[in-house]
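Given next are the chains, with one letter for each unit.
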Amino acid sequence: MTARRWQLAHGRHLDLGGKAVVVGILNVTPDSFSDGGLFDAPEAALAQARRMIGEGAGIIDVGGESTRPGAAAISASEEQARVLPVIEALARSGDVLISVDTYRADTARLAVAAGAHIVNDVWGLQREPDIARVAAETGAGLIIMHTGRDRKKLPDVIADQFAFLERSLEIARRNGIADDRIVLDPGFGFAKETAEENLDLMARFSELHALGFPLMAGTSRKRFIGIVTGRDAADRAPGTAATSVILRLKGAHLFRVHDVAINVDALAMADAMLARETAASER
């Protein structure tokens, strides 16, 4: 797998390719789909962050507004009140890379000032385009996610990925964001309504490399895993780990998960196999 250097805010970077990077999900919300209310108190959030770091997470992704279908919208000030104290505390407490899960330009700017290195926008810069200018001005790493919400999708799952993400990349470039600051996320579960659509996206995941950017996979505890396995959200860690391995073998670089330890182990096995395949091909 080709090595890539991802440039981040505050003079940091992350080398991608040689080993999978696990991104620990830290939802400081009362209503996220599988962990709402567990970590909305700052002390509980920091304890969970430390646990995930200890289990091998390379990035902690802090989100203050639920993105589950039907979740109640909150104000920017409420989102900031949830995420900024946690980001500030994480930035003080160690060397971990911090991502903020937001589509709001003001929240992104304040989060990077508080110590975040990465902005993770689930609307792919297309809900609040000023967030692209913030990413450019702060030098943040940027995760651009595909979504099918609030629009008519193309019938072909990969054609829709390209149509949406190419528009997002045009916004990024127009605002001066360098390519080496961008990671793309195909947005499993975000208006991919059926198990079949998500499985098709997994099966054809390798086609996304034609866009030319590192890729993040966010399948964790998603409904399509529950449909396939028959498991409730809290019991989908093994199914999630299986998808992580599949997507690593198809070239994903980063894996955004709730359950860090099982995914770290599963991805270590995938990386070991990839390394042996590479060694064999070079003999």
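In the block above lies the structure referred to throughout.
Residues numbered from 1 in each chain as written. Predicted model: local features only at pLDDT ≥ 70, side-chain atom pairs only at ≥ 80, totals over all residues. Heavy atoms only, no water.

S.K.: Any chance you could explain the overall build of the protein chain here in plain terms?
M.R.: Of regular secondary structure, the protein chain possesses 9 helices and 10 strands. Compactness check: the protein chain gives a C-alpha radius of gyration of 18 Å against a globular reference of 19 Å for 283 residues, within 12% of the reference. Along the longest, intermediate and shortest principal axes, the C-alpha atoms of the protein chain span 55 × 40 × 40 Å. Residue burial in the protein chain is summarised as follows: out of 283 residues, 54% are buried. (Helix = DSSP H or I, 4+ residues; strand = E, 2+ residues; numbered from the N terminus. Rg over C-alpha atoms; globule rule 2.2 N^0.38 Å. Buried < 20%, exposed > 50% of the residue type's maximum accessible area, 1.4 Å probe, protein only.)

S.K.: Would you take a moment to explain the nonpolar core for this structure?
M.R.: As a rule of thumb, nonpolar side chains are buried together in soluble globular proteins. By size, the foremost hydrophobic cluster in this structure holds 65 residues, and its most contacted members are Leu26, Ile60, Val62, Ile87, Ile144 and Leu184. Residue contributions to this core peak at 8 residues, all from helix α5 (residues 157-174). Apart from residues lying up to four places away in sequence, Ile60 is in contact with Gly24, Leu26, Ala49, Met52, Ile53, Leu90, Val96, Leu97, Ile98 and Ser99. The next biggest cluster of nonpolar side chains, apart from the first, holds 13 residues, and it includes Trp6, Leu16, Val21 and Leu97. (Core = buried A, V, L, I, M, F, W, Y, C linked by side-chain atoms within 4.5 Å. Contact = heavy atoms within 4.5 Å.)

S.K.: Sorry if this is basic, but what is going on with helix α9 (residues 260-282) here?
M.R.: Since the α-helix turns once every 3.6 residues, residues separated by three or four places project in the same direction. Over its 23 residues, α9 runs 32 Å from end to end, which matches the ideal 33 Å to within 8%, given 1.5 Å per residue. Every buried residue of α9 is accounted for by Val260, Asn263, Ala266, Leu267, Ala270, Asp271 and Leu274. (Expected span 1.5 Å × (residues − 1).)

S.K.: Can you walk me through the packing of helix α1 (residues 42-55) against helix α2 (residues 76-93) in this structure?
M.R.: Each pair of packed helices can be summarised by the angle the axes make with each other and by the distance between the axes. It is the contact of α1 with α2, at a shortest axis distance of 10 Å, that shows an interaxial angle of 45 degrees. As far as their axial angle goes, α2 and α1 are oblique. Of the two possible hands of crossing, α1 and α2 adopt the one that is right-handed. Residues Pro42, Ala45, Leu46 and Ala49 of α1 form the contact with α2, whose participating residues are Val86, Ala89 and Leu90. Broken down by class, the residue content of the contact of α1 with α2 amounts to 7 nonpolar, no polar and no charged. (Axes fitted to C-alpha atoms, helices over the stretch in contact; angles between N-to-C directions. Parallel < 35°, antiparallel > 145°, perpendicular 65-115°, else oblique. Left-handed = near helix turned anticlockwise from the far one by under 90°. Nonpolar A, V, L, I, M, F, W, Y, C, P; charged D, E, K, R; others polar.)

S.K.: Looking at this structure, how should I read the packing of helix α3 (residues 105-114) against helix α4 (residues 130-138)?
M.R.: Direction vectors running N to C along α3 and α4 enclose 20 degrees, while the axes themselves pass 8 Å from each other. In this view, α3 runs roughly parallel relative to α4, as classed from their interaxial angle. Here the hand of the crossing between α3 and α4 comes out right-handed. From α3, Ala105, Ala108, Arg109 and Val112 reach across to α4, where they touch Asp130, Ile131, Arg133, Val134, Glu137 and Thr138. A per-class count over the contact of α3 with α4 returns 5 nonpolar, 1 polar and 4 charged.

S.K.: Which parts of the structure should I look at to understand helix α6 (residues 195-203)?
M.R.: Taken together, the buried positions of α6 are Ala195, Glu197, Asn198, Leu201 and Met202. Structurally, α6 contributes buried residues whose contacts are with α5, α7 (223-229) and α8 (237-249).

S.K.: Just to check I follow, could you spell out the pattern of salt bridges for this structure?
M.R.: Oppositely charged side chains can pair when the atoms bearing their charge come close. Considering all chains together, one arrives at 19 salt bridges under this definition. Measuring nitrogen to oxygen at the nearest pair gives 3.4 Å for the salt bridge that ties Asp95 to Arg12. Here Arg12 lies in the loop between β1 (4-7) and β2 (13-16) and Asp95 lies in the loop between α2 and β5 (97-101), a separation of 83 residues in the sequence. The class for Asp95 is exposed, based on a relative accessible area of 62%. Among the ionic pairs, Asp130 bridges to Arg133, the shortest N-O distance being 3.5 Å. Of the two residues, Asp130 and Arg133 are both situated in helix α4; the distance of 3 residues between them amounts to about one turn of the helix. Judged by relative accessible area, Asp130 falls into the partly exposed class, the value being 43%. Among the ionic contacts, a cluster of salt bridges with common partners joins Arg109, Asp130, Arg133 and Glu137. (Salt bridge = Lys/Arg side-chain N within 4 Å of Asp/Glu carboxyl O.)

S.K.: Please clarify how the side chain of Asp160 should be interpreted in this entry.
M.R.: Within the secondary structure layout, Asp160 lies in helix α5. Polar side-chain contacts of Asp160 include one of 2.9 Å to the backbone nitrogen of Leu154. Contacts of Asp160, omitting those with residues within four sequence positions, involve His146, Arg151, Lys153 and Leu154. (Polar contact = N/O pair within 3.5 Å; in protein donor to acceptor, adjacent residues only side chain to side chain.)

S.K.: Explanation requested: the sheet that holds strand β8 (residues 182-185) in the structure shown.
M.R.: Neighbouring strands of a sheet are bound in pairs by backbone hydrogen bonds; such pairs are parallel or else antiparallel. Pairing in this open sheet of 8 strands is parallel, and the strands run β8-β7-β6-β5-β4-β3-β10-β9 from one edge to the other. Either end of the sheet is taken by a strand with one partner, and the two such strands are β8 and β9 (216-217). Sheet strands touched by α1: β3 (21-27) and β4 (59-63). Its angle to β3, the strand with the most contacts, is close to 165 degrees. Packing against the sheet, α5 makes contact with β7 (141-145) and β8, and its axis sits at approximately 150 degrees to β7. (Pairing = 2+ DSSP bridges.)

S.K.: Quick question: what am I supposed to make of the pairing of β4 here?
M.R.: Across the 5 residues that make up β4, a large majority, 5, are buried. The two faces of β4 match: Ile59, Asp61 and Gly63 on one face and Ile60 and Val62 on the other face are all buried. Bridge count between β3 and β4: 5 bridges; the pairing is parallel. The residue bridging Gly24 from the neighbouring strand is Ile60, located in β4. Pairing geometry for β4 and β5, over 5 bridges, is parallel. Note that in β5 the partner of Asp61 across the bridge is Ser99.

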